[in-house]
Amino acid sequence: MQIIYDVLKKGVFVEFRGVAHYLGGPFSSQREAVRAAEEHCRKLGWLEDRKH
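Residues numbered from 1 in each chain as written. Predicted model: local features only at pLDDT ≥ 70, side-chain atom pairs only at ≥ 80, totals over all residues. Heavy atoms only, no water.

Trainee: Mind showing me how you'd approach the nonpolar core here?
Mentor: Inside soluble globular proteins, nonpolar side chains tend to come together where they are buried. Membership of the largest hydrophobic core is limited to nine residues, which are Y5, V12, V14, F16, L23, F27, A33, A37 and C41. Elements represented by at least two residues in this core include exactly β2 (11–16) and α1 (30–43). Setting aside anything within four residues of it in sequence, one finds A33 in contact with Y5, V12 and F27. (Core = buried A, V, L, I, M, F, W, Y, C linked by side-chain atoms within 4.5 Å. Buried < 20%, exposed > 50% of the residue type's maximum accessible area, 1.4 Å probe, protein only. Helix = DSSP H or I, 4+ residues; strand = E, 2+ residues; numbered from the N terminus. Contact = heavy atoms within 4.5 Å.)

Here you go:
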């Protein structure tokens with residue numbers, strides 16, 4: 001997973017399992033954008049395949 005915050009447009013670019021996604025926001029901060037990106041990845045299956 002790779003997350004890049006777009007400071008100018010207040011969006012976030014997410015690459016997860018080789019597929020690129022852009023969440024347009026606008027997000028009020030980088031922290032908020034990263035949280036949204038992580039939640040997006042969770043919906044795509046991030047952490048579900050981890051063994052506990």
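Trainee: Quick question: what am I supposed to make of the sheet that holds strand β3 (residues 19–23) here?
Mentor: Pairing between sheet strands relies on hydrogen bonds along the backbone, with the strands arranged either parallel or antiparallel. The strand order β1-β2-β3 describes an open sheet built from three strands, whose pairing is antiparallel. Two strands in the sheet have a free side with no partner beyond their single neighbour: β1 (2–6) and β3. Each neighbouring strand pair of the sheet contributes to a mean axis angle of 15°, computed without reference to strand direction. (Pairing = 2+ DSSP bridges. Axes fitted to C-alpha atoms, helices over the stretch in contact; angles between N-to-C directions.)

Trainee: Is there a simple way to explain the environment of M1 in this structure?
Mentor: Position of M1 relative to the elements: it lies in the segment before β1. Accessibility expressed as a relative area gives 47% for M1, which makes it partly exposed. Here the alpha-carbon distance between M1 and C41, two residues 40 residues apart in the chain, equals 8.2 Å. In contact with M1, other than residues within four places in its own chain, are E15, F16, C41 and W46.

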